Structures are given as structure tokens and as C-alpha cells.
Amino acid sequence: MDDWQRCGGDIDILDHLPAALAMSPSNTATGIDHISYPFNKFWMKKFPDTLRRLLNVAITTGIEDWHESEVVLIPKANRPQYNLVKAWRMIYLLPTLSKVLGRMVLLKLAGHIDLEDTQFGSQRKRGIHDSLAVVYEFLEYNKLLHTALFSMDIEAGLDKVDSPMLCQLLCARGAPFKLVQWIRGRALQRRVRFRFNGRISKKYWLGKGIPQGSPLSPLCLVFMSHMYSDRGCSMGQL
Amino acid sequence: MIPRMRPSYRKVDWSKVQAGMEGLINVYDVWKGVRDIIDGLPRAGTGSSRCKWWLDVLENMKLDIRYLRRKATHDPAQRTSLQLATKVYKSTIDQSRYDHIKNMLAKSKNPDIFLYIHALETSQILPGSILVKVNIPAPMGKVAIS
């Protein structure tokens, strides 16, 4: 039994449904299932019980269609050659209800997991201004010393996230078992199809990484990057 | 596979959608029922303004030409394929327009129309030029060719 299977607990995330729908934009394109956010809001307004029951099924057993995503390939500007993969930008289209569920899980995780004060990514009411203020205070405090700023960029970070390790990290941080199980199932059962040149391809299975357009993915990436920085600090490499 | 057009939510009759969703009781059928409702919604981009002679074959050819043109910019060996495909594409456009005009004329009940069909078939002028030159009188007025 893994570590992530040992941590238990049951949780109800449906309380966050109105907040998650309110956070959803209303002027964006439809998802891969052609369901728009205004339709979801109409559904919530007229038939809230049906929507709640469906989301409950999705969080417990999962819905197969919600694991699918469509990748639209857009050429990057001013590239000398377009026969390289790096010359194309990938935009993921996900089912909108899957994104609503992701926002609900994000709201629930934010209440269960404590992040450090210097952690700013994917947290509500903590933006770039707060991070700049921390850096400024640090520079002011160490005014008489030699100071240096170190920045790190993880190339293709979302595609390289190891989902079993992510689940162990989430469990270690106190995330509920039900949500961790859902995140693990979502990461391991991904199916992707590509849209290029006006056509769509067949579906490919992906067992690695986390979806790019999901609201939950930045938080997962923050956890992984935090682990790498901790490991680097403990080994004396940083 | 060419993706299906997205639904136009401005054209949706929400009372029908509501009536359809009221029948969804079993939770395991809800998602399938909602997908069926979404599939039945009116689609965007299929209005009367769409060109009548623009077929799905032409749409596929347009995408192929675009793909070959992109390949030919980096691979000179593909230029011959691009030229050949462009010729086939343009001739198919002409043929499609020709067939569309012929079908429109055949639907008219004016007996003189067969003379114009004969003139169209024996003409060596491209159908795009015929559209400008032919003026067809009909009992109910002029036949509008668009």
C-alpha cells in the first residue's frame, strides 16, 4: 500500500459549487464537450440538485468523458523553422464542468493545506505585488550585504509532473484522501487528441503529467517545485 | 476528421432545453442526456449566408493545400506536389460552381432555360465569367444566380 493510500478521510466539496461557478468566466469559448459556462450557470439555476449529484458521481467514480482534452497547436511567432515541436504552442481545451470541479477541489485544498508565506502561485489574494514586496523587504533587510536573486524556470513543467509522487506530497501535506484519489485518477487516465490544420486526430493515452488548462494544475506544480527546492536545499546544491 | 461546429447559444430556445433536462432523473444517465441535448442545439456558422457550392470536398482540399504550402516552404521537393494539388483544387472549384449553376438552371420551369444550359455546357468560358455575362429572362422575373 502506498503512502497516499494510507491517508484516509471523507470530504464534501459540493459546498464550493456556487463559488466555483462564480469564479468561472462567462465570455470564454466552449469546452471540448461544447458546453459553455453560461449553460452551466443555467443548469445550476434551474436544476441544482441534478448538477450536484452529477458532480458527486464525478468526484467519487469519475466520468470518462471528463478525462479527455483537445490540444490546439498554434505556431509561435518569429521562429526560423516550424518543423520543430518547440515552435508550436499547445493550448488545452478541457470540459468546462471538469474545470468547475477542479476549482472546487482547489478551494477545498486551499483550506486544508498550509503553504509557506513566501508561496504565491495559485493562491487567492496573493499576487505578484505581494511577492515583489517580500523581495523588496529582503533587499532592505540585507542592505549592507551582497545580495543576489536566483530565478529558475522549469521547462515543460506540467508535462513532467510525476503523479504518484504528487499524491504522496499532497497526503503528506494533509490533503483529504478523496481529493488525492481524484487527482491521481485524473492524471493517470488522460486522453488527448490534437487539432491541427482544421482537423482533429485520434485519441492518445497519457499517463504522465497534469493537464495544462486545469485550475488545479498550477497548485500541483507549486508542490512539485517546492519539493525540488527543498531537496536541493537539503543536499546543499542551492 | 473535421470537427463539428460549436453550438450557437444565442439561438437556443431555453424552454426546450429546460423541458429536456426535466426528464433526467437517474444520475448515471444525466451526463449522457445532457450530451444529447447539447448535440441537438442549433449550430453556429450554418446560416443562409454560406456559399452554396462550397462542398466538404473543397474544405478538405483547402486544408491539404494549406498543409502542403507550409511543407513546401522548407522542403523544395514538395513544390511539385503543391502545384499539382493547387491545379486540382482550382479545377474542382470551377467544376463545383459549374454544377451549382447547372442545377439552379435545371430547376427553373422556363423552357428556354435548356438553351442556356446547352450554351453553358458548350461554352469554354469559366463559370465565374458566365455569372457576369448570362442574363436569364424568366416568367417570374430574372433568375438570381449567386
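Note that this is a predicted model, so its numbers are computed, not measured.

What counts, and at which threshold
- Each residue is numbered by its place in its chain's sequence as written, counting from 1.
- Chains and ligands are labelled sequentially in the order written, the chains with letters from A and the ligands with numbers from 1.
- Only residues with pLDDT of 70 or above have their local features reported here, since the model is predicted, and side-chain atom pairs are shown and tallied only from 80 upward, although totals for entire chains, interfaces and linings are computed over all residues.
- Where side-chain values are given, they derive from all heavy atoms of the structure, hydrogens and water being excluded.
- Secondary structure elements follow DSSP: runs of H or I of four or more residues count as helices, runs of E of two or more count as strands, with numbering from the N terminus.
- Burial status follows relative accessibility: with a 1.4 Å probe on protein chains alone, a residue under 20% of its type maximum counts as buried, one over 50% as exposed, and anything between as partly exposed.
- For this analysis, residues touch if any pair of their heavy atoms sits within 4.5 Å.
- Shrake-Rupley sampling with a 1.4 Å probe provides the accessible areas, and residues are treated as covered by the protein chains on show and by no other component.
- To count toward a patch, a residue needs a relative accessible area above 30% and no salt bridge. Like charges then connect within 9 Å, nonpolar side chains (Val, Leu, Ile, Met, Phe, Trp, Tyr) within 5 Å.
- Salt bridges are defined as contacts in which a side-chain nitrogen from Lys or Arg sits within 4 Å of a carboxyl oxygen from Asp or Glu.
- Here the nonpolar core consists of buried residues drawn from Ala, Val, Leu, Ile, Met, Phe, Trp, Tyr and Cys, with membership extended through side-chain atoms lying within 4.5 Å.
- Joining two parts hides part of their accessible area as seen by a 1.4 Å probe, and the buried area is that hidden amount summed over both.
- Residues adjacent in sequence count toward polar contacts only when both atoms are side-chain atoms; beyond that, a polar contact is any pair of N or O atoms within 3.5 Å, and within protein one must be able to donate a hydrogen and the other to accept it.
- Just so you know the grouping, Ala, Val, Leu, Ile, Met, Phe, Trp, Tyr, Cys and Pro go in nonpolar, Asp, Glu, Lys and Arg go in charged, and all remaining residues, Gly too, go in polar.

Explain the overall build of chain A to me, please; I cannot follow it from the model alone.
When helices and strands are tallied, chain A shows 9 helices and 5 strands. Counted from the first residue to the last, chain A has its helices and strands arranged as α-α-α-α-β-β-α-α-α-α-β-β-β-α. Within chain A, the fraction of its 238 residues that count as buried is 42%. Contacts in chain A between residues far apart in sequence, at least 24 positions, make up 67% of those at least 6 positions apart. Taken as a whole, chain A presents about 13400 Å² of accessible surface, with 55% of it coming from carbon and sulfur.

What's the story with the overall build of chain B in this structure? I'm lost.
Counting its secondary structure elements, chain B contains 6 helices and 0 strands. Ordered by position from the N terminus, the helices and strands of chain B form the series α-α-α-α-α-α. Split into buried and exposed, the 146 residues of chain B put 28% on the buried side. For chain B, the share of sequence-separated contacts (at least 6 apart) that also reach a separation of at least 24 residues comes to 58%. Here chain B displays about 10000 Å² of accessible surface, and carbon together with sulfur accounts for 57% of that area.

Got a minute to help me understand a nonpolar patch on the surface in this structure?
On the surface, a nonpolar cluster with roughly 440 Å² of combined accessible area is contributed by Phe150, Met152, Ile154 and Tyr228 of chain A. Locating Met152 of chain A in the fold gives a position in the loop between helix H6 (128-141) and helix H7 (163-172).

How should I be thinking about the environment of Ile210 of chain A in this particular structure?
Residues and elements named next belong to chain A. Mapped onto the secondary structure, Ile210 falls in the loop between strand E5 (204-206) and helix H9 (217-234). For the pair formed by Ile210 and Asp159, sequence separation is 51 residues and the distance between their alpha carbons is 6.1 Å. With sequence-adjacent residues up to four places away left out, Ile210 is seen in contact with Leu158, Val161, Leu166, Ala187, Arg190, Ser217, Cys220 and Leu221.

Looking at this model, I keep getting lost on the nonpolar core. Mind explaining?
Across soluble globular proteins, nonpolar side chains show a tendency to be buried alongside one another. Judged by nonpolar contacts, the single largest core of 58 residues is most densely connected at Trp43 of chain A together with Met21 of chain B. The greatest single-element share of this core, amounting to 7 residues, is contributed by helix H5 (residues 96-112) of chain A. Setting aside residues up to four positions removed in sequence, Trp43 of chain A forms contacts with Pro48, Thr50, Leu51, Leu54 and Leu97 of chain A together with Met21, Val30 and Val34 of chain B. Residues Ile65, Leu68, Ala72 and Ile93 of chain B belong to the second largest nonpolar core, which totals 8 residues.

Would you explain the interface of chain A and chain B in this entry?
Accessible area lost when the parts come together is the quantity often used to give the size of an interface. Taken together, the contact between chain A and chain B spans 28 residues of the former and 30 residues of the latter. Both faces combined, the contact of chain A with chain B buries some 2700 Å², and carbon together with sulfur accounts for 68% of it. Of all residues in chain A, the largest losses of buried area upon contact with chain B belong to His34, Asn197 and Arg199 of chain A, amounting jointly to 23% of the total for that side. Run the count over chain A and chain B and you get 2 salt bridges. The partner of Arg35 of chain B in a salt bridge is Asp65 of chain A, and the shortest N-O contact between them spans 3.4 Å. Applying the counting rule to chain A against chain B returns 7 residue pairs in polar contact (both at pLDDT 80 or more). Residue assignment for the side of chain A that touches chain B shows that the elements contributing at least two residues are helix H3 (37-46), helix H4 (48-60), strand E3 (190-196) and strand E4 (199-200) of chain A. Each residue belonging to the side of chain A that touches chain B can be placed in one class, and the counts come to 15 nonpolar, 7 polar and 6 charged.

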